[in-house]
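Residues per chain are reported as follows:
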Amino acid sequence: MVKKTITKTVLFLIGIGFLLSPNVLAQPDTETAPQRTVENGKIEGINDSGVLIFKGIPFAKPPVGDLRWKAPQPVNDWEGVRKTTKFGPRCMQRPVFGDMVFRSDGISEDCLYLNVWTPTHEKGARLPVLVYFYGGGFIAGDGSEPRYDGEHMARTKGIVTVTVNYRLSVFGFMAHPELTSESPNNASGNYGLLDQAAALKWVQNNISAFGGDPSKITIAGESAGSISVSAQMASPLSRDLIAGAVGESGSIIGALSVAPLKQGEDSGTKFQELVGASSLEELRGMNADTLLAATVQQNVPRFSPTVDGYFFPKKPVEIFRMGEQADVPLLVGWNSQEMNHQFLFRDKEATPENYKQLIQNLYDEDAEKILELYPGSTKEEVLKSATDLAGDRFIAFSTWKWGDLHKETGNSPVYRYYYAHPRPAMKGDSSNTSRAEGAVHSAEIEYLMGNLPRNRVYNWTPDDYQVSHIFQGFVANFVKSGDPNGLGLPMWKPLSEEKVMHIAADTYLRPLKYKDRYEFLDKRAYQQSE
């Protein structure tokens, strides 16, 4: 008991003193205003006690005017020294998620910027690189969010960390027959994914100037960011640029899934009609705020990635089935409470009778099997099973399928986790009513990136810092070597052993729970696709 208390106290002090790492003392403070030369010119950033930070570096031309709904174009060279000391604007989006906090310079179509944190002053140091894509359902998010901040990963783990902006919503994912016709690749849509691929190419070409190794780029992301990671693995445009992948809750195989190009084009044509534009030229001439506001109108289609024949030469699931994805180590997992039971019940009471009827309506002839896998004979059982089923339908199943396919068709190891540590209660909540029962969607981000102190909403405890220490340690080791194992961490065997790392206050390797659920959902999905 005494030993455990001492350990928790030490971890708590580590959390409080996140910015007081010994690495800071070891790093010479020789660059008050660090400058680096990238392919388009010279930039000047910030020296934050040894960690060099460069914010708002352009990696593509502003996608405005005639470049709206075009693939990202190379940046023009600039004269003199460009200041990169503040985050660029976030891409066009509505305020739809209450947990998003931005440090960006406003909102604009001119948003294709990235940010770099490096722990080294040596340009040829060849450190491992982590490129992180934000989540937000492809409709919101930004590389300036504090939960994605790369300083702690750079300072304490020696990893050059990059966050990337990419186009969203109608600006990032609208396909249209006229766009397809004008494209040299006979493709349209997927502009947000093309932005990410362009950023990865920029990182490969320029990261050595920041001490990074262009041959050791690991990509990571949560939710839509995780879906993006799986998409970049699948695309021939980017799969040769990466050395590893980290996916947190979501994959392109099911969650925010792709549409045929024709379906995407029809959606774009419908949107054009809804906003009263007579042509693509007129659409391009419309105010960006007007287009964004129009996306909330009734009957506006969802703008999803498309099988465009260019970024995706075929369905991503087929790419993975044929083993054509990037054959790199994959660390992937999901959370214990990705969605609430109310997602299924809506305004109905969660009773066994209503649950049975709900399952019958959703699954028809498979209802009996679903009730066997997700039982609901009591109110308590209903709440648990409905929460699990809602999370599986939302994002967990597609994440499982991604790891499973990569294991089957690739030659690289797959490390699967199950994140089960709930956030603590919010500050000021002495009754703990704000504490969730499980780990809700996106709850793991600050833990993985080592950014608990940057989120001041929650009353972090020594247990939280302990979980963050372990989770970030796993990921840092993975970025460095493609293997999460290391000194002081639980042993993590790859997926060939049919194990999953249960990450919580009591982190340990265990057999994958509810594997039969995913196998049945997979069989059903495959039958329906035939």
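Residues numbered from 1 in each chain as written. Predicted model: local features only at pLDDT ≥ 70, side-chain atom pairs only at ≥ 80, totals over all residues. Heavy atoms only, no water.

Colleague: Sorry if this is basic, but what is going on with a nonpolar patch on the surface here?
Modeller: On the surface, Val96, Phe97 and Ile139 cluster together into a nonpolar patch covering about 210 Å² of accessible area. Assignment of secondary structure puts valine 96 in the loop between strand S5 (81-83) and strand S6 (113-118). Residue class for valine 96 comes out partly exposed when judged on its relative accessible area of 33%. (Patch = residues over 30% accessible without salt bridge, like charges linked within 9 Å, V, L, I, M, F, W, Y side chains within 5 Å. Areas by Shrake-Rupley, 256 points an atom, 1.4 Å probe, with all protein chains shown as cover. Salt bridge = Lys/Arg side-chain N within 4 Å of Asp/Glu carboxyl O. Helix = DSSP H or I, 4+ residues; strand = E, 2+ residues; numbered from the N terminus. Buried < 20%, exposed > 50% of the residue type's maximum accessible area, 1.4 Å probe, protein only.)

Colleague: Can you help me understand the packing of helix H6 (residues 191-206) against helix H7 (residues 224-234) in this one?
Modeller: In helix packing, the relevant descriptors are the interaxial angle and the interaxial distance, both defined with respect to the helix axes. Running from N to C, H6 and H7 point in directions that differ by 70°, and their axes come no closer than 10 Å. Taken together, the axis directions place H6 and H7 in an arrangement best described as roughly perpendicular. For H6 against H7, the interelement crossing comes out right-handed. Residues Leu193, Gln196, Ala197 and Leu200 of H6 lie in contact with H7, whose contacting residues are Ser228, Ala231 and Gln232. (Axes fitted to C-alpha atoms, helices over the stretch in contact; angles between N-to-C directions. Parallel < 35°, antiparallel > 145°, perpendicular 65-115°, else oblique. Left-handed = near helix turned anticlockwise from the far one by under 90°. Contact = heavy atoms within 4.5 Å.)

Colleague: Help me understand the environment of serine 398 in this model?
Modeller: Within the secondary structure layout, serine 398 lies in helix H15 (residues 379-409). The class for serine 398 is buried, based on a relative accessible area of 4%. Apart from the residues lying within four places of it in its own chain, the contact partners of serine 398 are Gly250, Ser251, Ile253, Gly254 and Ala255. Here isoleucine 395 takes part through its backbone oxygen, which lies 3.0 Å from a polar atom of the side chain of serine 398. (Polar contact = N/O pair within 3.5 Å; in protein donor to acceptor, adjacent residues only side chain to side chain.)

Colleague: Would you mind going over the sheet that holds strand S13 (residues 330-335) with me for this structure?
Modeller: In a beta sheet, neighbouring strands are held together by backbone hydrogen bonds and run either parallel or antiparallel to one another. One open sheet accounts for eleven strands, arranged S3-S4-S6-S8-S7-S9-S10-S13-S14-S15-S16; its pairing is mixed. Of all the strands in the sheet, the pair left with one neighbour each is strand S3 (46-48) and strand S16 (508-511). The sheet shows a mean angle of 25° between the axes of neighbouring strands, direction not considered. Bridge count for strand S9 (residues 212-222) against strand S10 (residues 244-248) is five bridges, and the pairing is parallel. Counted as the bridge partner of glycine 221 is glycine 247 from S10. Packing of H7 onto the sheet brings it into contact with strand S7 (127-133), S9, S10 and S13, and relative to S9 it is tilted by some 135°. (Pairing = 2+ DSSP bridges.)

Colleague: Any chance you could explain the sheet that holds S5 here in plain terms?
Modeller: Strand order in the open sheet formed by three strands is S1-S2-S5, and the pairing between neighbours is mixed. One side of each edge strand has no neighbouring strand; the edge strands of this open sheet are strand S1 (35-38) and S5. Each neighbouring strand pair of the sheet contributes to a mean axis angle of 35°, computed without reference to strand direction.

Colleague: Looking at this structure, I do not really get unusual backbone geometry. What am I missing?
Modeller: Trans peptide bonds make up most of the peptide bonds, and negative phi angles are found at most residues other than glycine. Phi at serine 223 takes a positive value of approximately 60°, unusual for a residue other than glycine. With respect to the helices and strands, the residue serine 223 is situated in the loop between S9 and H7. Look at serine 223 and you get buried, because its relative accessible area is 10%.

Colleague: Even after reading the chapter, I still don't get the side chain of arginine 416, so can you show me in this structure?
Modeller: For arginine 416, the location among the structural elements is in strand S14 (residues 414-419). By relative accessible area, which is 1% here, arginine 416 ends up buried. When sequence neighbours within four positions are dropped, the list of residues in contact with arginine 416 reads Val332, Trp334, Trp400, Gly403, Asp404, Trp492, Leu495, Lys499, Val500, Met501 and Leu512.

Colleague: Quick question: what am I supposed to make of the pairing of S9 here?
Modeller: Regular strands place their side chains on alternate faces of the sheet. Judged by how many residues are buried, S9 sits mostly within the fold: eight of eleven residues are covered. Of the pairings in the sheet, the one linking S7 to S9 comprises six bridges and is parallel in character. For tyrosine 132, the partnering residue across the bridge sits in S9 and is alanine 220.

Colleague: When you look at the state of the cysteines in this model, what are you seeing that I'm missing?
Modeller: Here a disulfide denotes a covalent bond joining the sulfur atom of one cysteine to the sulfur atom of another. As enumerated under the stated definition, the model contains one disulfide in all. Linked covalently through their sulfurs, cysteine 91 and cysteine 111 form a disulfide whose S-S length is 2.1 Å. Linking cysteine 91 and cysteine 111, the disulfide has an S-S dihedral of approximately 90° and is accordingly described as right-handed. Within this pair, whereas cysteine 91 is found in the loop between S5 and S6, its partner cysteine 111 is found in the loop between S5 and S6, the two being separated by 20 residues in sequence. Given a relative accessible area of 1%, cysteine 111 falls into the buried group. (Disulfide = S-S within 2.5 Å.)

Colleague: Even after reading the chapter, I still don't get H6, so can you show me in this structure?
Modeller: Residues spaced three or four apart along an α-helix point in a common direction, a consequence of the helix completing one turn every 3.6 residues. With 16 residues, H6 extends 22 Å between its outermost C-alpha atoms, agreeing within 8% with the 22 Å of an ideal straight helix rising 1.5 Å per residue. Where burial is concerned, most of H6 is hidden: twelve out of the 16 residues are buried. Within the span of H6, buried status applies to Tyr191, Gly192, Leu193, Leu194, Asp195, Gln196, Ala197, Ala199, Leu200, Trp202, Val203 and Asn206. (Expected span 1.5 Å × (residues − 1).)

Colleague: Sorry if this is basic, but what is going on with the environment of phenylalanine 54 here?
Modeller: As for its position among the elements, phenylalanine 54 is in strand S4 (residues 51-58). The buried category is assigned to phenylalanine 54, whose relative accessible area is 0%. For the pair phenylalanine 54 and arginine 36, spaced 18 residues apart in sequence, the C-alpha to C-alpha distance is 9.3 Å. With sequence-adjacent residues up to four places away left out, phenylalanine 54 is seen in contact with Pro34, Arg36, Ile43, Glu44, Gly45, Thr84, Leu114, Asn115, Val116, Thr118 and Phe210.

Colleague: How should the packing of aromatic side chains be read in this particular structure?
Modeller: Ring pairs (aromatic) are described by centroid distance and by the angle formed between their planes. Under the criterion given, the structure shown has 22 aromatic pairs. Here the aromatic rings of phenylalanine 54 and phenylalanine 210 are separated by 5.1 Å at their centres, their planes lie at 75°, and the arrangement is edge-to-face. A residue pair is termed long-range when its members are at least 10 positions apart, and phenylalanine 54 in strand S4 and phenylalanine 210 in the loop between H6 and S9 qualify at 156 residues. Ring plane angle 70° and centroid distance 4.8 Å describe the contact between phenylalanine 474 and tryptophan 492, whose orientation is recorded as edge-to-face. Separated by 18 residues along the polypeptide, phenylalanine 474 in helix H17 (residues 462-481) and tryptophan 492 in the loop between H17 and strand S15 (499-503) bring together distant segments of the chain. Using a relative accessible area of 1% as the deciding quantity, one classes tryptophan 492 as buried. Three or more aromatic residues joined by ring pairs form one cluster here, namely Tyr417, Tyr419, Tyr447, Tyr458, Trp460 and Phe471. (Phe/Tyr/Trp six-rings, centres within 6.5 Å; stacked < 30°, edge-to-face > 60°.)

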